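# A closer look at the structure
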Amino acid sequence: MTNDRDASGHRRFPPGVALMPEDFPRKLAALKALTGLTWEGMADALGVDPRQLLRWRNEDGEPNAGATLSLARLAIRVPGGLALLLDEDVTVIHRPRR
């Protein structure tokens, strides 16, 4: 284990710092495949311009906080989607809305 990795091998960052994983474009494509959406449909579902999604795919930018939240909201609705984005086993507990 190096100083920039935790015991499970994940990179550690100082508080308040988060970086997209190096394989984010691959994860984005895998999430798209899981959803069955087109790239345009995925951009619409995320509330971003399709050109912005293309930039993320080409590693020419990263999602802002709002778009990252939209990605998480989409991923949580797809079986295995959130685990795919996070590279972790994830248990999601859904609480019914009142």
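The structure this text deals with has already been given above.
Because the structure is a prediction, the values reported are computed rather than measured.

Check the secondary structure of the protein chain and you find five helices and zero strands. In sequence order, the secondary structure elements of the protein chain are arranged as α-α-α-α-α. Across the protein chain, contacts joining residues at least 24 apart in sequence account for 43% of those joining residues at least 6 apart. Just so you have it, the protein chain exposes about 7200 Å², and 51% of that area is on carbon and sulfur atoms.

On to helix 1 (residues 24-35). When the terminal C-alpha atoms of helix 1 are compared, their 16 Å separation across twelve residues agrees well with the 16 Å that a helix rising 1.5 Å per residue should span. What helix 1 keeps buried is the set Phe24, Pro25, Lys27, Leu28, Leu31 and Lys32. Down the axis, helix 1 shows its buried residues gathered within 160° of arc, on one side only. Within two residues after helix 1, Gly36 carries a phi angle of roughly 80°, on the positive side.

Interhelical geometry of helix 1 versus helix 3 (residues 50-57) gives an angle of 130° and a closest axis separation of 8 Å. Between helix 1 and helix 3, the interaxial angle falls into the category oblique. Residues Phe24, Pro25 and Leu28 of helix 1 pack against Leu53, Trp56 and Arg57 of helix 3. Across the contact of helix 1 with helix 3, the residue classes tally to five nonpolar, no polar and one charged.

Another point: the nonpolar core. In a soluble, globular protein the nonpolar side chains are often hidden away together inside. Ranked by size, the top nonpolar core spans 16 residues in total, and within it Leu28, Leu31, Met42, Leu46, Leu53, Trp56 and Leu71 carry the most contacts. Per-element accounting of this core gives the leading share, four residues, to helix 4 (residues 65-76). Contact partners of Met42, with chain neighbours within four places excluded, come to Leu28, Leu31, Lys32, Leu37, Leu53, Leu71 and Leu74.

Summed over the entire model, instances satisfying the criterion amount to four salt bridges. Residues Asp23 and Lys27 are paired through a salt bridge, measuring 3.6 Å at the closest nitrogen-oxygen approach. Assessed through its relative accessible area of 26%, Asp23 is described here as partly exposed. For Lys27, the salt bridge is made with Asp87, and the minimal N-O distance between the two is 2.7 Å. Of this pair, Lys27 sits in helix 1 while Asp87 sits in the segment after helix 5 (81-86); the two residues are 60 residues apart in sequence, bridging distant segments of the chain. Classification of Lys27 as buried rests on a relative accessible area of 2%. Under the relative-accessibility criterion, Asp87 is labelled partly exposed at 46%. Each member of the salt-bridge network shares a partner with another, and the members are Asp23, Arg26, Lys27 and Asp87.

Parameters and conventions
- Residues numbered from 1 in each chain as written.
- Predicted model: local features only at pLDDT ≥ 70, side-chain atom pairs only at ≥ 80, totals over all residues.
- Heavy atoms only, no water.
- Helix = DSSP H or I, 4+ residues; strand = E, 2+ residues; numbered from the N terminus.
- Contact = heavy atoms within 4.5 Å.
- Areas by Shrake-Rupley, 256 points an atom, 1.4 Å probe, with all protein chains shown as cover.
- Expected span 1.5 Å × (residues − 1).
- Buried < 20%, exposed > 50% of the residue type's maximum accessible area, 1.4 Å probe, protein only.
- Arc of directions from axis to C-beta.
- Axes fitted to C-alpha atoms, helices over the stretch in contact; angles between N-to-C directions.
- Parallel < 35°, antiparallel > 145°, perpendicular 65-115°, else oblique.
- Nonpolar A, V, L, I, M, F, W, Y, C, P; charged D, E, K, R; others polar.
- Core = buried A, V, L, I, M, F, W, Y, C linked by side-chain atoms within 4.5 Å.
- Salt bridge = Lys/Arg side-chain N within 4 Å of Asp/Glu carboxyl O.

By themselves, these observations are geometric and do not establish any function.
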